[in-house]
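Below, each chain spelled out in residue letters.
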Amino acid sequence: LVSMFLTANKEGMTEVGQLGLETYNKAIASGKTPTEAMALAVESMGSKEAVENYLMGVIGTTAISAPSTASQTITKALISDTETNSRFAIKKISK
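Parameters at a glance
- Residues numbered from 1 in each chain as written.
- Predicted model: local features only at pLDDT ≥ 70, side-chain atom pairs only at ≥ 80, totals over all residues.
- Heavy atoms only, no water.
- Helix = DSSP H or I, 4+ residues; strand = E, 2+ residues; numbered from the N terminus.
- Buried < 20%, exposed > 50% of the residue type's maximum accessible area, 1.4 Å probe, protein only.
- Contact = heavy atoms within 4.5 Å.
- Areas by Shrake-Rupley, 256 points an atom, 1.4 Å probe, with all protein chains shown as cover.
- Patch = residues over 30% accessible without salt bridge, like charges linked within 9 Å, V, L, I, M, F, W, Y side chains within 5 Å.
- Salt bridge = Lys/Arg side-chain N within 4 Å of Asp/Glu carboxyl O.
- Axes fitted to C-alpha atoms, helices over the stretch in contact; angles between N-to-C directions.
- Left-handed = near helix turned anticlockwise from the far one by under 90°.
- Nonpolar A, V, L, I, M, F, W, Y, C, P; charged D, E, K, R; others polar.
- Arc of directions from axis to C-beta.
- Polar contact = N/O pair within 3.5 Å; in protein donor to acceptor, adjacent residues only side chain to side chain.

Draft legend 1. Examining the overall build of the protein more closely. When its secondary structure is counted, the protein shows three helices and zero strands. Counting from the amino terminus, the protein carries its helices and strands in the arrangement α-α-α. Across the 95 residues that make up the protein, the buried fraction comes to 19%. Sequence-distant contacts, at least 24 apart, represent 70% of the contacts inside the protein between residues at least 6 apart. Looking at the protein as shown, the accessible area adds up to about 7100 Å², and 65% of this sits on carbon and sulfur atoms.

Draft legend 2. Representation of a nonpolar patch on the surface. Residues Val51, Leu55 and Ile59 make up a contiguous nonpolar surface patch of roughly 270 Å² in combined accessible area. By the element assignment, Leu55 lies in helix H3 (residues 48-94). A residue is classified by how much of its surface remains accessible, and Leu55, at 42% relative accessible area, is partly exposed.

Draft legend 3. Local environment of the packing of helix H1 (residues 2-29) against helix H2 (residues 34-44). Contact pair H1 / H2: the axes reach a minimum separation of 8 Å and the direction vectors enclose 150°. As for how H1 packs across H2, the hand of that crossing is right-handed. Contacts from Leu19, Gly20, Thr23, Tyr24, Ala27 and Ile28 of H1 reach H2 at Pro34, Ala37, Met38, Leu40, Ala41 and Ser44. Tallied by class, the residues present in the contact of H1 with H2 amount to nine nonpolar, three polar and no charged.

Draft legend 4. Main features of H2. Listing the buried residues of H2 in full gives Ala37, Ala41 and Ser44. An end-on view of H2 places all buried positions within 65° of arc, on one side of the element. Exposed residues pointing more than 90 degrees away from the buried face of H2 are listed as Thr35, Val42 and Glu43.

Draft legend 5. Looking closely at the side chain of Ser44. Summarising the element assignment, Ser44 is placed in helix H2. Here Ser44 falls in the buried class, since its relative accessible area comes to 10%. Within the structure, the side chain of Ser44 is placed 3.2 Å from the side chain of Thr23, a separation counted as a polar contact. Not counting residues within four places of it along the chain, the set of residues in contact with Ser44 comprises Leu19, Gly20, Thr23 and Ala50.

Here it is in structure tokens:
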């Protein structure tokens, strides 16, 4: 579960970084100096759009990975239960 949230956060941060790069490239293409373009890129990474992009990355990743994570958790629980029940049955039979 922690791994899923770390992955989601990483994807969200990737989206924010991509927004900064996109802003930088558009600024350079429009004739801004590299310094001006960098200032606009940094500004964009602290904007409402950056927050929206971050959340979309987190939500998208969580929506895709949550079913797999839940399935793995359930499978591990079932295997653990089966092993516990098997040990219990063997102890009862051995008596």
